[in-house]
Amino acid sequence: MTGSPTSASVSAEKTGPLAGLKMIEMAGLGPVPLAALMLSEMGAEVLRIERADTGQPLLNLPEEYDLDRQGRSILKLDLKRPAGAELLLRLAARADLLVEGFRPGVMERLGLGPDVLFQRNPALIYGRLTGFGQDGPLSGRAGHDITYLAYAGLLHAIGRKDAPPVPPLNLVADQGGGAMMLIGGVLAALFQRSRTGKGQVVDASMIEGASMLAAPIHAYMAAGLWSDRRGENLLDSGAPFYDTYETADARHIAIGCLEPRFFAEFARLLPLAGHFVGGQYDKSLWPAMRAAIAGRVKEKPRDEWAELFAATDACVAPVLSLVEARNHPHNRARQSFVRSGGLERPAPTPRFSQGPQPLAAMPAAADRQPAGILTRFGLGQEEIEALAKAGALG
């Protein structure tokens, strides 16, 4: 990315690798809006379809902090009215991509399932994201990140020995297994369409996406290198050289020196007794090694340890808060966080060498007016007025 991201009106000409791509986002919560935000910042022109009777949102964010609506045009439709459903069919006929995160069968009951939309637009990519997939015994169940991780076996694996499992925010199933897998799937489908001309359904589920993220763990377990018990393994706080430790000022450092040469550097600087270096992977030494590391780390405040290890490959880092992370010199140098109005947020990622990525902005007035939006999709003024009279537009 050349230079820092800049905010731009949604209706302005988009730039980026997906410039020219028309996308419809069926409004929802969580991973689908994140996927839409990222695709918008890659250049896609995103039209967010909201219910005409939208009530109080789960999290009533001030507009300038509402990333679920930034970078899009917004059209409120009553899809239960025939005129509203027909309008969405017309919009989809001119779109490249539609994404939705409803429970299985919801779009079909509205007459907007993929079979119907493909009749209007055989080249449409229809992205669907659910917790459990489009079929199976649990497909109709409600859930959240913690639910999908529980069924995937991953929640069981996250946490310390002899302690309850720990929810990893909603980063693993919702965002990693959901939004990221949906993005990967629709981009793959778009590439295939470039060769075949045909659209298709992308069925992404958060339980399967989260499970895929853990594929290497399953391989380690099959090879006998991983226990199915929490807090006993190399990456789950079982190993004393891959864990967090409290410092003298009641903060923490993160130690992750898995490789022997990195561990040797860590042991030299801490310092740690030499017999631990030769026996790094001798599990019988781990309890004593952990106690020695914990005792030593407790002697200095976090930032002193950070300074000591800063220029080394010992893989030691200060555990920063969310606010501290924004101000870290590396993140400042990379412009990893950017300001959008009153919001300081992560910059668009990944970065592309062929020009800057615009930072998603709140929709301007023109991006909320049905007339302007529908005109861009080829509807005439009389048609738009008729839709308004029919109550299809919010």
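Let me sum up the structure you'll find in this document. (Residues numbered from 1 in each chain as written. Predicted model: local features only at pLDDT ≥ 70, side-chain atom pairs only at ≥ 80, totals over all residues. Heavy atoms only, no water.)

Comments concerning the environment of Ser73
Okay, so step 1: Within the secondary structure, Ser73 is located in strand S4 (residues 72-77).
Okay, so step 2: Residue Ser73 is classed as buried on the basis of its relative accessible area of 2%.
Okay, so step 3: Counting along the chain gives 292 residues from Ser73 to Ala365, while the straight-line C-alpha distance between them is 9.5 Å.
Okay, so step 4: Within polar-contact distance, the side chain of Ser73 engages the side chain of Arg376 at 2.7 Å. (Helix = DSSP H or I, 4+ residues; strand = E, 2+ residues; numbered from the N terminus. Buried < 20%, exposed > 50% of the residue type's maximum accessible area, 1.4 Å probe, protein only. Polar contact = N/O pair within 3.5 Å; in protein donor to acceptor, adjacent residues only side chain to side chain.)

Comments concerning the sheet that holds strand S7 (residues 200-205)
Okay, so step 1: A sheet is described by the order of its strands in space; here 6 strands give the open sequence S4-S3-S2-S5-S6-S7, paired in parallel fashion. The open sheet is flanked by S4 and S7, the only strands paired with a single partner. Ignoring strand direction, the axes of neighbouring strands in this sheet form an average angle of 20°.
Okay, so step 2: Here strand S3 (residues 45-51) runs beside S4; their pairing, made up of 6 bridges, is parallel. (Pairing = 2+ DSSP bridges. Axes fitted to C-alpha atoms, helices over the stretch in contact; angles between N-to-C directions.)

Quick word on the side chain of Arg128
Okay, so step 1: Position of Arg128 among the secondary structure elements: in strand S6 (residues 125-130).
Okay, so step 2: Within the structure, the side chain of Arg128 is placed 2.9 Å from the side chain of Glu108, a separation counted as a polar contact.
Okay, so step 3: Residues contacting Arg128, with those up to four places away along its chain left out, are Glu100, Met107, Glu108, Pro114, Gln134, Leu182, Val201, Val202, Asp203 and Ala204. (Contact = heavy atoms within 4.5 Å.)

Re the pattern of salt bridges
Okay, so step 1: Under the criterion given, the structure shown has 29 salt bridges.
Okay, so step 2: Residue Arg90 pairs with Glu383 through a salt bridge whose shortest N-O separation is 2.7 Å. With Arg90 in helix H2 (residues 82-93) and Glu383 in helix H17 (residues 381-389), this pair connects stretches of sequence that are 293 residues apart.
Okay, so step 3: Relative accessible area serves as the criterion here: at 32%, Glu383 is assigned to the partly exposed category. (Salt bridge = Lys/Arg side-chain N within 4 Å of Asp/Glu carboxyl O.)

Overview of the pairing of strand S8 (residues 242-246)
Okay, so step 1: Here S8 runs beside strand S9 (residues 252-256); their pairing, made up of 5 bridges, is antiparallel. The residue bridging Tyr245 from the neighbouring strand is Ile253, located in S9.
Okay, so step 2: Linkage of S8 to S9, two consecutive antiparallel strands, is achieved through a turn of 5 residues, within which Ala250 is found at a positive phi near 65°.

Some points on the nonpolar core
Okay, so step 1: Of all hydrophobic cores here, the largest spans 34 residues; its most connected members are Met23, Leu39, Leu97, Val99, Ile125, Leu182 and Val186.
Okay, so step 2: Looking at this core, the element that brings in the most residues is helix H7 (residues 171-196), giving 7 residues.
Okay, so step 3: Once you skip the residues sitting within four places of it in the chain, Met23 turns out to touch Ala36, Leu39, Glu45, Val46, Leu47, Leu97 and Val99. (Core = buried A, V, L, I, M, F, W, Y, C linked by side-chain atoms within 4.5 Å.)

With respect to the sheet that holds S8
Okay, so step 1: Read from one edge of the open sheet, 3 strands run S8-S9-S10, paired in antiparallel fashion. Two strands in the sheet have a free side with no partner beyond their single neighbour: S8 and strand S10 (316-318). For this sheet, the mean angle separating the axes of adjacent strands, direction not counted, is 20°.

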